[in-house]
Every structure is written in structure tokens, then in C-alpha cells.
Amino acid sequence: MTARRRLVAAAALLLGLGAAQAAPPAPCRVDGLPHELLCGSLSRPLDPSRPEATRFELHYLVVPALARRKLPDPVFLLAGGPGQSAIALAPSLMPVFARLNNRRDIVFVDQRGTGRSAPLDCDEPAVQPLAEAADTGKQLQRLAECRERLVRRPHVKEAAGLGFYTTTLAMQDLDAVREALGAERINLVGASYGTRAALEYQRQFPRAVRRSVLDGVAPPDMVLPASAGVDAQAALDALFAACAAEPACARQWPALRQAWDGLLASLPRSATVADPLTGRSESFMLTRDIVLAAVRAPLYVPALASALPAAIQAAAQGRVEALVALGTSLARRGAPGLSTGMHFSVICAEDMPRLGAASVPQARDFGRGLAPLYEQACAAWPRGAVPEAFYTVGASATPVLLLSGGIDPATPPRHAQRVADALGAKARHVIIPNAGHGQLGSGCVPDLLFRFIAADDEAQALALDASCATSIPRPPAFVPPGSEVPR
């Protein structure tokens, strides 16, 4: 090593820069995974322009390849939300990566603000009353209280510190993990918001990417609060159309949309329901926001949405228990693994400045969707700097597989198609017509994932036969036993 290179290396070590500071990942165990894994961390600057100031530990997990002669390009999972912990998802996602894991390491990085990496979690109670969970005023109050607590944390220190949790900075952290692991190129698998992160990583570090899989594409210019209402409305309209086209559903509920309209017209009204999470009876005012939230959640998963016709009809007749239960089925309120503070740091910085220009459309039932909540929440939330180039998607030099659910209420195909067009000839967009949000664990999709990444030839990867996924049928409507209408 020359004297100059020794000087640069010493300076980097003193400032905590680069992979030179990173200790090798150490053996560890994670609940839900049977084998010994490798856990590591890197010291990262909160503000890269001031590396000597506030720092935090970026944590990652490596599931080592099973084969002795492993391939040099690991697979990195980028979690959704924004706000999910990638490491927390590892036990549930490893079956998806099982075949890839034979010859490739699988890497889970807790993005800054999530999991163990300087989390911006709001420490909300595990269970909140049903009425409070969907009360916008209560949500904003809890968020304001959370913001005050977060600015006192050592990895934030001041209000402006909440602005350093953007996707752009997080992808610089991810590349530091790549360097620490000694990988020249990596494969990216992004889910939901993780697709936005993957696109930003590819924008900043195109030469470090071998293949990318984007599941439920959320483009950088999507403006989440602006699209949430119309996308949820399209999924609900598709549900009504599917019921009308299915003989058993149409016979059981011939006037389903009218029942839905009647339910909305009856609100607000008092209701008493046994909380599905606690069993305790709660009395509250059933509002339009509560009903819309209860319907939106099961639309993410067609198997759950199949129970919506029965639940909507029952709610229109005054029995709201089934609808409330469906609304809480996907996630426990205050569920661990989602960092609410990080979520708002990302959305307030990246989406909200463009909301005015996005002209939020008025959906038939969902109105302006999530826009009013985010407008109020982000008015007081510190916003980080986002480079204008972040919102652009350029032609890709490496293969990209985009997956969309045709009835996804959050990231329907229209978003992915714009991205595929921008990525160019090396992008392949696969639409699974009867799928909802998130395809990685559906049917034969894990096999498609394996074959796309494992293919030695780029043309072979892009020519993937996806017919096994595109032919998946929509689950038939659930008809409660004993309530069938005679033929």
C-alpha cells in the first residue's frame, strides 16, 4: 500500500467511512429460522455531509448459501411499508427464497428508521379501541406525541433529524452493506415500497445490480396519498363486478352494490361489536372512515375479499361484526415491525411536496382517499431533501421483472406499466389478473423468482413463461353455511 493510500484508509477509519470499519458478520440465531445465520452491523452517518456528527448502527442479516461453492451475487430483500423491518420478515419470506438460497446468500437489511436500525417506531399500544384506530383526530394526536418523543432519541436529537430517513440515503446504506460483504453485484427483490427503494438503488448504483424483481410497483413519482382513493375504488368496483358475474354470488346477493350504498348512507350510526382481537364488547360511533378502512384492508388479499359480499350485506342490515373482523384481519393494531415515524419521514419528504400538482381525483366512495390524513400529518413533520433525479426512472441495463396483481387496491398494474415503459427493453411486466397486493408467495411465483434470477442468460430470464401465475383464478365468494339461496 502506498503512503497516500495508507493516509486515505486511516482517515476513513477515523471518520467511520467505508467498509474498512465493518467487522465481519457474526454467527447468530433468529426465531423462526432453523439454521445458524450471520448478523452484522455498520456504523453509518445520519447526515452523510457530516460524517463526524450523529451516527447510528445499520443492522443486517445474512442467510448463508447452503452449497459450498456459492455464487458471488447475493439476493437483497427490500421491505415495504414504508416502515417494515426486513429482518422481521425473514422467517416468513425464506420459504420464497429457499431454492435461491441453495447457491446464493439471502440478505435482509433493516433500512434506517426500521427494526434495529435507529428505529422511528411510535411505541403504540398493542391493542387500541376500535373507534380510536380509525379516528383521524386521534391518529394525528398520537402522531404528534410520537414526533415529540422521537426528536429526543440519540439517533435523531432534533426535529431536523427526522429528515434524514429518505429512500435516497437508505440506498446509500444498502450499498455500504454490499461493499462490506464483498459482493460486486447483487440481485434486488423489492416488495411494495421496497420497489421504490430498489429503483432508487438502481438509479444510484446501476453497475452494482445484476437482476431486479419488483413486486407491487410503487414508482417514485406515484404520490401515494393521491392515488390511494382511486386505486381502492377500482378494486372495490372489481369485487362488485366479479360478484355479478359469478352465478352463486349474484344469486345470493343480487343487489350488493345497492346494499353497499345503503350502508354508507346510514352512517354515522352507533354500533356495539366484540373486538376480534380481545373479545371485549365495545360501543362506538360507526363512521364512514371506519367502514372504508374495514373494506380496504381485505381487498389486499383476494381470499379475504371473497368474504366481503357477505360482510357488506350483513353490515347493511345492521350486523357489522364480520366487516370489522375483516378490517382487522391483516395486521394487529400497533403491530411490531412497522415504524410509523419512518413511514411519515419518507412519505412527507418524497410524496407530499408533489401532492398539489398531482390533483387528487375524487373516487366514488373513497373520496380523496388518504390525502386529508397525510396533508395534516405532514404539515408539521420535518421534510428531508430529495434530489429531483429521484423521481425519474431511466432505461435499465440489466433485466427487471415487474409483478402486478390485477385487483391490487394499493399498487395496481397501471403504476408498474409506466415503470416498465421507462425501464425499456430489459423490463418484463407480468400481470396476474386475479391477484391482490404482493405476489412473492403466491402459487408458482417463488419458482418464477428463482428461474428469473438463476438464469445465466439475460434473454432467457426475460423470456420467462409466467402462464402458471397468470391463470390463477379469483377465489369464489364465501357464502356462510346455511344461508344459501336455493337455485
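Please refer to the structure higher up on the page.
This section reports on the structure supplied with the text. What you are looking at is a predicted structure, and each value in this text was computed from that prediction instead of being measured.

Definitions and cut-offs
Within every chain, residues take consecutive numbers counted from 1 along the sequence as written. Reporting of local features is limited, given that this is a predicted model, to residues whose pLDDT is at least 70; pairs of side-chain atoms are given and counted only at 80 or more, and all residues count toward the totals for whole chains, interfaces and linings. The basis for every side-chain value is the complete set of heavy atoms in the structure, and neither hydrogens nor water enter the calculation. Think of it in three bands: with a 1.4 Å probe and only protein chains considered, a residue is buried below 20% of the maximum accessible area for its type, exposed above 50%, and partly exposed in between. By the criteria applied, helices consist of DSSP H or I runs no shorter than four residues and strands consist of E runs no shorter than two, each listed in order from the N terminus. As used here, the arc is the angular range of directions from the helix axis to the C-beta atoms. Contacts: residue pairs with any heavy atoms within 4.5 Å of one another. Note on aromatic pairs: the rings of Phe, Tyr and Trp (six-membered ring only in Trp) are paired at centre separations within 6.5 Å, and the planes decide the class, stacked below 30 degrees, edge-to-face beyond 60, tilted for the rest. Site definitions follow a grid-based scheme: protein atoms alone, a 1 Å grid, a 1.4 Å probe that fits but cannot get out for cavities, and for pockets an open set with protein on both sides within 12 Å along at least five of seven lines, plus lining residues having an atom within 4 Å of a point. Grid points are joined across faces, edges and corners, and a volume is the space filled by probe spheres set on the points. Counting of polar contacts relies on pairs of N or O atoms within 3.5 Å, with two restrictions inside protein: one atom must be capable of donating a hydrogen and the other of accepting it, and residues adjacent in sequence are counted only when both atoms are side-chain atoms. One requirement defines pairing of two strands: DSSP has to find at least two bridges between them. Here an axis means a line fitted to C-alpha atoms, over the contact stretch when the element is a helix, while the angle between two N-to-C directions is reported on a 0 to 180 degree scale. When describing relative orientation, an angle under 35 degrees is termed roughly parallel and one over 145 degrees roughly antiparallel, while 65 to 115 degrees is termed roughly perpendicular and anything else oblique. Left-handed describes a crossing in which the near helix is turned anticlockwise from the far one by less than a right angle; the clockwise case is right-handed. Under this grouping Gly is polar, as are all residues other than the nonpolar Ala, Val, Leu, Ile, Met, Phe, Trp, Tyr, Cys and Pro and the charged Asp, Glu, Lys and Arg.

## A short note on helix α17 (residues 413–423)
Link 1 in the chain: Along α17, the positions that sit buried rather than exposed are Pro 413, His 415, Ala 416, Val 419, Ala 420 and Leu 423. Down the axis, α17 shows its buried residues gathered within 155° of arc, on one side only.
Link 2 in the chain: For α17, the secondary structure elements touched by its buried residues are α6 (193–204), α7 (224–245), β10 (400–405) and β11 (427–432).
Link 3 in the chain: Following α17 by one or two positions, Gly 424 has its phi on the positive side, about 95°.

## What to know about helix α16 (residues 371–379)
Link 1 in the chain: Those residues of α16 not exposed but buried are Ala 371, Leu 373, Tyr 374, Ala 377 and Cys 378. The buried side chains of α16 occupy one side of the element, clustering within an arc of 155° when seen end-on.
Link 2 in the chain: Tucked into the core, α16 has its buried residues touching α4 (136–150), α7, α14 (340–350) and α15 (355–358).

## Comments concerning the environment of Cys 28
Link 1 in the chain: Relative to the assigned elements, Cys 28 resides in strand β1 (residues 26–28).
Link 2 in the chain: Since its relative accessible area comes to 14%, Cys 28 is described here as buried.
Link 3 in the chain: A sequence separation of 325 residues divides Cys 28 from Pro 353, and the C-alpha atoms of the two residues are 42 Å apart.
Link 4 in the chain: With residues up to four places along the chain from it excluded, the contact list for Cys 28 reads Glu 36, Leu 37, Leu 38, Cys 39 and Leu 61.

## Here we look at the packing of aromatic side chains
Link 1 in the chain: According to the stated counting rule, one finds five aromatic pairs in the structure shown.
Link 2 in the chain: Seen in terms of ring centroids, Phe 344 and Tyr 374 are 5.3 Å apart; in terms of plane orientation they differ by 35°. Their pairing is tilted. In this pair, Phe 344 is assigned in helix α14 and Tyr 374 in helix α16, connecting sequence segments 30 residues apart. We note that Phe 344, like Tyr 374, is buried.
Link 3 in the chain: On the numbers, 5.1 Å between centres and 80° between planes, the contact of Phe 390 with Tyr 391 is edge-to-face. Each member of the pair Phe 390 and Tyr 391 is classed as buried.
Link 4 in the chain: A network of ring pairs unites the aromatic residues Phe 344, Tyr 374 and Trp 381 as a single cluster.

## Considerations on empty space enclosed by the protein
Link 1 in the chain: Under the definition given, this model contains two cavities of 30 Å³ or more.
Link 2 in the chain: Roughly 110 Å³ of volume is contained in the largest cavity.
Link 3 in the chain: Lining the largest cavity we find 17 residues, and of these Leu 78, Ala 79, Val 109, Gln 111 and Met 171 sit closest to its centre.
Link 4 in the chain: Elements that contribute at least two residues to the lining of the largest cavity include exactly β4 (75–78) and α5 (167–181).
Link 5 in the chain: For the lining of the largest cavity, the element with the most residues is α5, which contributes four residues.

## Topic: the side chain of Ser 212
Link 1 in the chain: With respect to the secondary-structure elements, Ser 212 resides in strand β7 (residues 209–215).
Link 2 in the chain: Here Gln 202 takes part through its side chain, which lies 3.1 Å from a polar atom of the side chain of Ser 212.
Link 3 in the chain: In this structure Ser 212 touches Leu 188, Gln 202, Pro 399, Val 400, Leu 401 and Phe 452, once residues within four positions along its chain are discounted.

## Here we look at the sheet that holds strand β5 (residues 106–109)
Link 1 in the chain: Strands sit in the order β1-β2-β3-β5-β4-β6-β7-β10-β11 across an open sheet of nine strands; the sheet is mixed. Sheet topology places β1 and β11 at the edges, where each strand pairs with a single neighbour. Direction aside, the axes of adjacent strands within the sheet are offset by 25° on average.
Link 2 in the chain: The pairing of β10 with β11 spans six bridges and is classified as parallel. Counterpart to Leu 403 in the pairing with β11 is Val 430.
Link 3 in the chain: Lying on the sheet, α6 is in contact with β4, β6 (186–191), β7 and β10; it crosses β6 at an angle near 150°.

## Quick word on the packing of helix α9 (residues 256–265) against helix α12 (residues 308–316)
Link 1 in the chain: In the contact formed by α9 and α12, the axes pass within 8 Å of each other and the chain directions differ by 45°. Comparing their axes, α12 and α9 come out oblique. Judged by the twist between their axes, the crossing of α9 over α12 is left-handed. Residues Leu 256, Ala 259, Trp 260 and Leu 263 of α9 lie in contact with α12, whose contacting residues are Pro 309, Ile 312, Gln 313, Ala 315 and Ala 316.
Link 2 in the chain: For the contact of α9 with α12, the class distribution of residues is eight nonpolar, one polar and no charged.

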